[in-house]
Each structure stands twice: as structure tokens, then as C-alpha cells.
Amino acid sequence: MHSRIREIINTSNYCHAAVMEAASLLPEDDAELDEWIGKVVEEHDIGGFTYLVLPAIHLGRKVASRHIEGGMQLIPDPATCGCILWNVDGVDVPERVLAGLERGGVNPETQAYAYLALWQWCRERRDGAVPPQFATSMRAFCRIKAVVPEAETLFRKVGHLLILVATNFKDEQMLASLGTSLAAARSETATAAALNLEKSFLAAAKGPILDVIPAQPAVILTRHTLRRSVERIGRNEDCPCGSGKKYKRCCFESDQQRLSQSSDVAGKTRAEVRESPGEFLTKARLEGLKSHELAKIDPLEIDGDLVPLYLAVLAAHKMFEEAVTALETLEWSDEIYSGWKTVLHFATLGERRDIVERLVRVREEADPALDELPPDTMLLLVRNDPAECLKRLEEIAMAALTTKDPLDLESAATTLMDSPVPALGLLVARGMVPVVPPKIALSLLGKIIAARDRLELSYDEPYSDIIDTILAAKSVAADNKYGPALRLANQKLEAKAGEVRKMKQSIDDLKHEIERREKLPIAPAEKNKEVVAVDEHALQDLRSKVKFLKGSLKERHEERAVLRHDLEKTLTDLETLRDQQVHPEPHPEPAGTVDPEDSLVLPGDVDGNQPMRLIEFPKKFRETLERFPKQVGKGAMVLLGRLAAGESAAFTGVVRLKACPDTLRARVGIDHRLLFRLQPDSVEVVDLINRKDLERRIKQL
């Protein structure tokens, strides 16, 4: 590779000028360029990929589709994703992209853009025919929204992209995962927004690639503190190189260039750290590395204490080949065994039988006497042998029947739901719900709903009612001294369960009405055309209502799950408090110790006898809500509605601020606080904050 291109890769900031200069240095021979690109992809070199592929596309040169499989991890940002995928040469682009996504380690926002780009690519170049694995891959990605709380921010950014694709596929399951329905996505407003999005995306993908590259270098943000790559030297001091000249007349200029490339390692530039990442590895750095950076690390250079974390991070990025290669290289120890178990767990979840077999060989060669493999791993290994698979299933069932540990029951149910017979596992898990503690029952319910999602069943799990009944019975049996908090949590859960039941009944009623109308004899068109048209229109309207209600029902189920966890946590806190009273700590807190928040509020709740009021929101309150998790924003809005309605129970726990008695404080969950004022005819919202910011916010009032 040209030395100047290597210098650009190591030192330049991503912008027009750097890409244009790299374009002028590309080899004229296409075969040589292809070889260069293949080498940087093989080496997981994101800089090399950026400064070879983007200039090549800018010049109209061919970039073979085979490079995109390993290159998905190396796409510099979501903005360039559509343009790169649109210009890659080959008829198998969709299959290559999906294989690259399956490898893992792709920026989630980039992955969302990739789905939209693939759908557009197939629509224009394959008459809309997408690979069979496309829908499966995208559904799995959409499910992240329901199971990973931190994903809420991501889906606020890219949810509209995914909804556009899911709507064109008419995939109700995918749309339900995204919190909408086909009817809602096809509304007039949503359709207009989708068309604008599609138009702007295609314009960017088909346009010049320079349009999606920053014109000027962006400011580099880092999670780490930057350290000087050059020691601090006075301009008039002697140059440390030993030339005898003053520093300003010798190495000052070259050191300034080096200083601009400073990293978080003192005395080293970013390029030097990239060249030997293992040498400067720390726990914080390791946890923040991306897949292409992990691939460059030599496991033999890593400090022994960091090896288990290194293996865990590789497994989390689905970099199983690199993880197994590292295990085959490293000397076996207790720390290595810990990392081995983590990789085995992730490989089993990913159904990577080839990786599991290699992991088993590594363990057998190192220490054949180690414990037996986990049941889910054993099932994966015998999946292609029906007789052996049935034998293993019977062993798992027998172990569950004889165990006294509820965690073992949960493990058995989870194993079966992840096995080749997930529907059977779901039924087994249901049977365990009534006999395990509520906390484990809640955990099982979450896994049951995830299994239903994978089986493309609805989110409406009947055993939710059983768990609610168990929690309600436990809360009723609780000591009356702690009754208010329990009763409030239980009332909220019962109210939400009532909403779910009503919505389910509405859906059933609409379905029966649709069936009744579909069975009615249709009059001949020539006799009564108008009646036929009206009937068909009414049926279509009913079907749209059913689809809309199904999407709303999923949201109610999610809200119900949050309330269920709140009630369970209240019960757990109560049990902890009782244990502390029965078995007090040997060194109790001083008698004067109080919650710091108590010193900021006046004693006594606000009178619950309140009139109905309207709600007045401050400017940019929507942005305030979006800064918090979805359930916090929903909780605040529900509470405001109850306060405005004058519901007396809503004022339980509402107190006045000591410094500003006209301002009231209400709890939203455990960690958030709603500040508001009661005007004669309105509830004036002041702010929604984290509880730790309460004192600072009071000073601003």
C-alpha cells in the first residue's frame, strides 16, 4: 500500500480533504485495489476501509460485494451506510450484508440503515424479492427494544426507518415489537412521513458519496482523558533531540503535529495505541472497544486479570472465532476457565454448534475432568440425533422434578424454551409459574413472552393473570403497617389488568362481528351495488380497528409488566425491612439519620380532596420526557392525569417543598420526582427530574 495512504489512515481526521487525497493515491489496477481492500477487511482496519472504499466509490471504481461481509463492522458511520451498500458491485449484496450482520459487532444505528438500504436495493434490483433470512434478522433486531432498556434511545432515532420497512412487508409482529400497528403505520400522516423518508434516503444513497462525508474534520470526543503525546517543553528551551538549537527552531512544528494526535496514553499517539492495543489495555478501555479494535489484540499481550473480561467482550460482540482462537492459544487456568464458560454460554445462545464443538475440544485437552456441560449446550450438540436429543430432554425433565431449588426449575424451563422444541418449553415454563417464588415467576414470565415472540405468537400470555393473582394475594397478606404503598401498587396493577381485559374483550367482539358479516350472503352486484360496497367498507374498517387494538394491547402489556415489577419490588423491600427488624444490624445508623430528601420538604401530605383542573406544561416538556426511560415518562403523564382529575389517591405522598411551599413534589417511581404547582383551575407542571438533582433544582426555583 502507498506509504502516504497509510499515513492518511493513521493520522488524518475524517473529512472531504482526506478522502479526496486518498482517492488520488489509489492504484490504477482494479485487481491491486481489490487486494488492498481485502487486506484491510481481513485485518479489521476501519481506517483502511474508510480511506480505500469511500475514495473508490467516489471515483466509480468497483468494490466487490464479498468485502462487505467482513466490512459491515467497519462502515464509519450510519450516514455512509446506504451509499456504500448501494454502490457495492455484485448480485449477492443482500446475502453478504446479512451474513455481516450475523457476525455481530455492527453499530446498531448503522444496522437499522442497512435494513432500509437492503429493502430498497431488492425492490429496485430484484423486483422486491428479499433473502429468506431478511425478516428473521430484522425481527430479532426489533426485539431488542422490548428486552434492553438502554435501547429506547436508539429506537427513538431509527424506529421510523424500521417501521417503514416493516410496513412494506406488512409484518404485524415486527410492527408490534416497534410499538405500532399496520393500521397506524398506514395512516395519512405516517404515510406522508414515510414517503419523505424514503425519498431522502434514496437521494442520499444514490447521490455522490462526498455529500454524506463531513466537509470539515469533526471534533473528536472520547470517553477517556487525553494525555499529551509530547512532553511539555518551553519554546525557548534547548530542543531535547540534542541538536543544540532552541526548541521553537527545531522540533516544535513536528511535535505540534504529533500533539494533535494525542491519545489517552501518555507519550503515545492514537496511531501508536492502535498498532499495539494489547500493550495499553485497561478494564475501562477494554469495555469500550469496538469489534474491529478487539480483532487487532494479541491475547498473549493481555494482563492475566483482564483475560476473562476480554473473552466476555469478544463473546458479546459475537466474535466467536477470535474467542476460540484466543482460548486455543492461552495457557489454561481458573481465569481462562471462567472466560471459557462465558464464551460457551454466548455460543450456545447463538446456536453456533461449530464453535461449541471447538470449545469442548479446548476444554478436554486442557482438563478432561472438569464439570459436565450445561444442559442447553448438550441439547445443541445432540440436536441432529433425535434419540439422543429425546434422552437429554428426559434427563432435564427428571432433574427438574427432583430438585428443591427454584432456580434449577427456572434453568430447566429456560433450557427447553431455547431448545429445538421451544413450544414444549413454553408449556413447561407455564407449569412452573405457580410453584416458584414470585421473583422467579416474574423472570420466567419475561422469558415466556420472549419465547412467544420468537414463535411469532401474540404478547397476550394467559399466565400473566396467574402471576398477578399470586402477587395480589401476597400483598393482601402483608402487614397493615406497610399497607399504603402495597395497596397503591396493587391498585395500579389491578387497574392496568382491567384495561387489558377490556381491550381483549373488544378485540374478541370485533373478531366475532367480522366473522358474522363475512358469513352473510352478499346480494348480486347488479341488484344492489351500493349495499355490497358499504358492507365491504365496513368490514375493512373493522379489520383496521382490530389491528390498531392489537398494537395498543401490546403497549398495555408492557405497562402492566412495569407495574408488576414495581409491586414485586415493594414486597421485596417489605420483606427486607421485616428481616432487619427481626435481625437488626449489629451497628445501626445513628438515631438522627434521615433521608436527605426529608430535609427539603415540609411534613405531612397535601390534602387529597381536590377539584378537577387542566394541565399546563412548560415549554420543551416533551424534550424533558424524552431524556428519561419510556416507563418514567409514561408514569409521569399518568400521574399528572390523575392529579388533574382530582383523584385523592394520586395525592398520597405529595408534599410541599420547604424552600418553596407553593411548589409540590410527587414521586415517579423510586428515582424520579415530579415538581408542580396547584393553581385554582390548573396543574402547572414545573419539571421532571432525577431525585439526586432535587436540591440543585430547588435552588433554581
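Residues numbered from 1 in each chain as written. Predicted model: local features only at pLDDT ≥ 70, side-chain atom pairs only at ≥ 80, totals over all residues. Heavy atoms only, no water.

**Let's talk about the overall build of the protein chain**
Phase 1: The secondary structure content of the protein chain amounts to 33 helices and five strands.
Phase 2: Counting every position in the protein chain, which comprises 701 residues, the buried fraction comes to 43%.
Phase 3: Excluding contacts between residues fewer than 6 apart, the proportion of contacts in the protein chain whose partners are at least 24 apart in sequence is 65%.
Phase 4: Element-wise, carbon and sulfur atoms account for 53% of the exposed surface of the protein chain, whose accessible area totals about 37400 Å². (Helix = DSSP H or I, 4+ residues; strand = E, 2+ residues; numbered from the N terminus. Buried < 20%, exposed > 50% of the residue type's maximum accessible area, 1.4 Å probe, protein only. Contact = heavy atoms within 4.5 Å. Areas by Shrake-Rupley, 256 points an atom, 1.4 Å probe, with all protein chains shown as cover.)

**Examining the packing of aromatic side chains**
Phase 1: Under the criterion given, the structure shown has eight aromatic pairs.
Phase 2: Ring centres of Trp 332 and Trp 340 lie 6.4 Å apart, and the angle between their planes is 65°; on these two criteria the pair is classed as edge-to-face.
Phase 3: The exposure class of Trp 332 is partly exposed, given its relative accessible area of 21%.
Phase 4: Its end group placed over the ring of Trp 86, Arg 125 keeps NZ or CZ at 4.7 Å from the ring centre.
Phase 5: One residue, Arg 235, lies across the ring of Phe 252, its end atom 4.8 Å from the ring centre. (Phe/Tyr/Trp six-rings, centres within 6.5 Å; stacked < 30°, edge-to-face > 60°. Lys NZ or Arg CZ within 6 Å of the ring centre and 35° of its normal.)

**A word on the pairing of strand E4 (residues 672-678)**
Phase 1: Where burial is concerned, most of E4 is hidden: six out of the seven residues are buried.
Phase 2: Direction of pairing for strand E3 (residues 664-668) relative to E4: antiparallel, over a ladder of five bridges. Across the sheet, the residue bridging to Val 668 is His 672, located in E4.
Phase 3: Bridging between E4 and strand E5 (residues 682-690) involves seven bridges; their strand directions are antiparallel. Directly across from His 672, in E5, lies its bridge partner Asn 690.
Phase 4: The turn linking E4 back onto E5 is made up of three residues. (Pairing = 2+ DSSP bridges.)

**Topic: the side chain of Ser 229**
Phase 1: In this structure, Ser 229 sits in the loop between helix H14 (188-206) and helix H15 (252-259).
Phase 2: Here Ser 229 falls in the buried class, since its relative accessible area comes to 5%.
Phase 3: At 2.8 Å, the side chain of Ser 229 and the backbone oxygen of Arg 258 are in polar contact. (Polar contact = N/O pair within 3.5 Å; in protein donor to acceptor, adjacent residues only side chain to side chain.)

**Some words on the pairing of E5**
Phase 1: Most of E5 is tucked away: seven of the nine residues are buried.
Phase 2: Judged from the three bridges that link them, strand E1 (residues 614-616) and E5 form a sheet pairing that is parallel. The residue bridging Leu 614 from the neighbouring strand is Ser 682, located in E5.

**Comments concerning the nonpolar core**
Phase 1: One finds Met 72, Ile 84, Val 97 and Leu 162 to be the most contacted residues of the largest nonpolar core, which totals 70 residues.
Phase 2: A per-element tally of this core places helix H8 (residues 108-125) first, with nine residues.
Phase 3: Among residues more than four places away in sequence, those in contact with Leu 162 are Ala 112, Tyr 115, Met 138, Phe 141, Cys 142, Phe 155 and Leu 178.
Phase 4: One finds Leu 286, Tyr 310, Ala 315 and Tyr 337 within the second-largest nonpolar core, a separate group that totals 35 residues. (Core = buried A, V, L, I, M, F, W, Y, C linked by side-chain atoms within 4.5 Å.)

**Focus: the sheet that holds E5**
Pairing between the strands of a sheet comes from backbone hydrogen bonds, and it takes one of two forms, parallel or antiparallel.
Phase 1: Strands sit in the order E1-E5-E4-E3-E2 across an open sheet of five strands; the sheet is mixed. Strands with a single pairing partner mark the edges of an open sheet, and in this sheet they are E1 and strand E2 (655-656).
Phase 2: Two elements, E2 and E3, share two bridges in a ladder whose sense is antiparallel. Of the residues in E3, the one forming a bridge with Arg 656 is Leu 664.

**Some words on the environment of Arg 126**
Phase 1: Note on placement: Arg 126 falls in the loop between H8 and helix H9 (133-142).
Phase 2: Judged by its relative accessible area of 25%, Arg 126 is partly exposed.
Phase 3: Along the backbone, Arg 126 and Val 91 are 35 residues apart, and their C-alpha atoms lie at a distance of 9.3 Å.
Phase 4: Setting aside residues no more than four positions away along its own chain, Arg 126 makes contact with Val 91, Asp 92, Pro 94, Glu 95, Trp 121 and Pro 131.
Phase 5: There is a polar contact of 2.9 Å between the side chain of Arg 126 and the side chain of Glu 95.

**Some details on the confidence of the model for the protein chain**
Phase 1: Considering every residue of the protein chain, the mean pLDDT works out to 79; 79% of them sit at 70 or more.
Phase 2: Segment residues 525-534 is flagged for pLDDT under 50; beyond a separation of four residues in sequence, or across chains, it makes three contacts in the model.
Phase 3: Below pLDDT 50 for its whole length, residues 581-593 participates in two contacts with residues either more than four positions away or in separate chains. (pLDDT = per-residue confidence, 0-100.)

**A short note on the pattern of salt bridges**
Phase 1: If you walk through the whole model with that rule in mind, you get 23 salt bridges.
Phase 2: Of the charged contacts, one joins Glu 388 and Arg 392 as a salt bridge, the two residues approaching to 3.7 Å between their closest N and O atoms. Of this pair, Glu 388 and Arg 392 both sit in helix H24 (residues 386-402), four residues apart, roughly one helical turn.
Phase 3: Taking the shortest distance from any N to any O, the salt bridge between Arg 392 and Glu 395 comes out at 3.2 Å. With a gap of three residues between them, Arg 392 and Glu 395 both fall in helix H24, about one helical turn apart.
Phase 4: One network of salt bridges, in which partners are shared, links Glu 597, Arg 665, Arg 673 and Arg 691. (Salt bridge = Lys/Arg side-chain N within 4 Å of Asp/Glu carboxyl O.)

**A few points about the state of the cysteines**
Phase 1: Per the stated rule, a full pass over the model turns up zero disulfides.
Phase 2: In this structure Cys 241 is a free cysteine whose sulfur lies 3.4 Å from that of Cys 239, the closest cysteine sulfur available. (Disulfide = S-S within 2.5 Å.)

**Things to note about helix H27 (residues 438-454)**
Phase 1: If you check H27, its first and last C-alpha atoms are 24 Å apart, about what 17 residues at 1.5 Å a residue would give, namely 24 Å.
Phase 2: Taken together, the buried positions of H27 are occupied by Pro 438, Ile 440, Ala 441, Leu 442, Leu 444, Leu 445, Ile 448, Ala 451, Arg 452 and Asp 453.
Phase 3: Directly after H27, the chain includes Glu 456, whose backbone phi takes a positive value near 60°. (Expected span 1.5 Å × (residues − 1).)

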